[in-house]
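Coordinate inspection notes
Spelled out, the chains give:
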Amino acid sequence: MRTSGAFALVGAALISGCASIYSTPPTTVHQPMTARPEARPQAMPSSGAIFQPGYGRPLFEDRRARNVGDTITINLVERNTAQKNANASAGRESSLSGGINATSKLPLGGLAGLNADAGAKSDFSGKGAAAANNAFNGTITVTVIDVYPNGNLLVSGEKMVAINQGNEFIRFSGVINPNTVTAANTVQSTQVADARIEYRGSGFIDESNTMGWLQRFFVAILPF
């Protein structure tokens with residue numbers, strides 16, 4: 001009985017481990033990812049007029065996002081380029097020479113003609129270069145999760161695309177000035193403050209590109 005119970009525990013642990021292999025990757029974007037709009041007031045009986053008290057927006061108001069729960073489309077047009085070069089050189093040289101020219105009448109006459117030379121030379125040169133070129137293009141629709149006192153909108157959202165046996169996650173969050181929102185309810189990602197953009201994946205392809213925990217352990221402790 002004990003043996004069968006132990007096998008059952010091991011099997012449950014293995015199943016739970018397999019279930020968590022392809023879990024949703026963590027995120028650093030603003031939370032929550034989405035928000036529900038506030039409940040509308042109870043609709044009153046229709047009076048036959050064009051304007052109805054229970055209607056969510058004023059009659060002449062455009063459809064731009066401005067309230068919690070509204071959606072807005074972000075055009076991802078990120079392109080960052082950076083380059084850095086550094087050069088350094090240093091040199092140092094020194095020399096020393098000495099000699100004894102003593103006559104036979106002096107106590108150190110036996111050291112006559114003794115010479116000593118010493119020299120040192122040191123050179124150093126260093127050179128380094130770094131470059132980065134990143135591009136991110138696409139679209140994602142996010143939800144307004146908070147409205148600041150000055151009217152700015154805090155938005156957040158994600159898009160998950162399942163491709164064969166892997167999942168791709170695109171996440172975005174940031175603060176939007178309503179004045180930058182177009183009539184089509186879109187905004188460029190370059191106009192978003194505190195923007196956080198993520199592109200992550202999960203699945204066996206992503207796992208194959210990740211160093212194992214034991215290998216990471218040895219890389220961390222080995223001095224060479």
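Above this note sits the structure.
As a starting point, this report considers the structure included with it. (Residues numbered from 1 in each chain as written. Predicted model: local features only at pLDDT ≥ 70, side-chain atom pairs only at ≥ 80, totals over all residues. Heavy atoms only, no water.)

Here we come to the overall build of the chain. A tally of helices and strands in the chain yields 3 helices and 6 strands. Along the chain, helices and strands appear, N-terminal first, in the series α-β-β-β-β-β-β-α-α. Residues classed as buried in the chain amount to 21% of the 224 residues present. A fraction of 66% describes how many contacts in the chain between residues 6 or more apart in sequence connect residues 24 or more apart. (Helix = DSSP H or I, 4+ residues; strand = E, 2+ residues; numbered from the N terminus. Buried < 20%, exposed > 50% of the residue type's maximum accessible area, 1.4 Å probe, protein only. Contact = heavy atoms within 4.5 Å.)

A few words on the nonpolar core. The biggest cluster of nonpolar side chains holds 15 residues, and the ones touching the most others in it are Ile72, Ile74, Ile140, Val142, Val155, Phe172 and Ile176. Those elements that place two or more of their residues in this core are β1 (71-100), β2 (114-147), β3 (153-163) and β4 (166-176). Residues contacting Val142, with those up to four places away along its chain left out, are Asp70, Thr71, Ile72, Ile74, Val155, Ser156, Gly157 and Phe172. (Core = buried A, V, L, I, M, F, W, Y, C linked by side-chain atoms within 4.5 Å.)

In this fold, Asn185 is placed in the loop between β4 and β5 (186-188). For Asn185, a relative accessible area of 14% puts it in the buried group. Within the structure, the side chain of Asn185 is placed 2.9 Å from the backbone nitrogen of Ala65, a separation counted as a polar contact. One polar contact links the side chain of Asn185 to the main-chain carbonyl oxygen of Thr71, over a distance of 2.7 Å. Those residues in contact with Asn185, other than ones at most four positions away along the chain, are Arg63, Arg64, Ala65, Thr71, Ile72 and Thr73. (Polar contact = N/O pair within 3.5 Å; in protein donor to acceptor, adjacent residues only side chain to side chain.)

Turning our eyes to something else, we now look at the pairing of β3. If a strand is regular, its side chains alternate between the two faces of the sheet. Both β3 and β4 contribute to a ladder of 11 bridges, which runs antiparallel. Looking at the pairing, Lys159 lines up with Ile170 of β4. Taking the residues that link successive antiparallel strands as the turn, the β3-β4 hairpin has 2 residues, and the phi of Asn164 there is positive, at about 55 degrees. (Pairing = 2+ DSSP bridges.)

Right, let's talk about a nonpolar patch on the surface for a bit. Side chains of Leu214, Phe217, Ile221 and Leu222 sit close together on the surface and give an oily, nonpolar patch of about 370 Å² of accessible area. The topology assignment puts Ile221 in helix α3 (residues 213-221). (Patch = residues over 30% accessible without salt bridge, like charges linked within 9 Å, V, L, I, M, F, W, Y side chains within 5 Å. Areas by Shrake-Rupley, 256 points an atom, 1.4 Å probe, with all protein chains shown as cover. Salt bridge = Lys/Arg side-chain N within 4 Å of Asp/Glu carboxyl O.)

A full pass over the atoms with the stated rule returns 1 aromatic pair. Taking 6.2 Å as the distance between ring centres and 80 degrees as the angle between the ring planes, the aromatic pair formed by Phe136 and Tyr199 counts as edge-to-face. Taken together, the residues span a long stretch of sequence, with Phe136 in strand β2 and Tyr199 in strand β6 (residues 193-203) at a distance of 63 residues. On the basis of relative accessible area, Phe136 is assigned to the partly exposed category, the value being 21%. (Phe/Tyr/Trp six-rings, centres within 6.5 Å; stacked < 30°, edge-to-face > 60°.)

The omega torsion across Gln31 and Pro32 is 0 degrees, close enough to zero to call that bond cis. Structurally, the position occupied by Pro32 is in the loop between α1 (2-19) and β1. For Asp194, which is not glycine, the phi torsion reads 50 degrees and is therefore positive. A relative accessible area of 57% places Asp194 in the exposed class.

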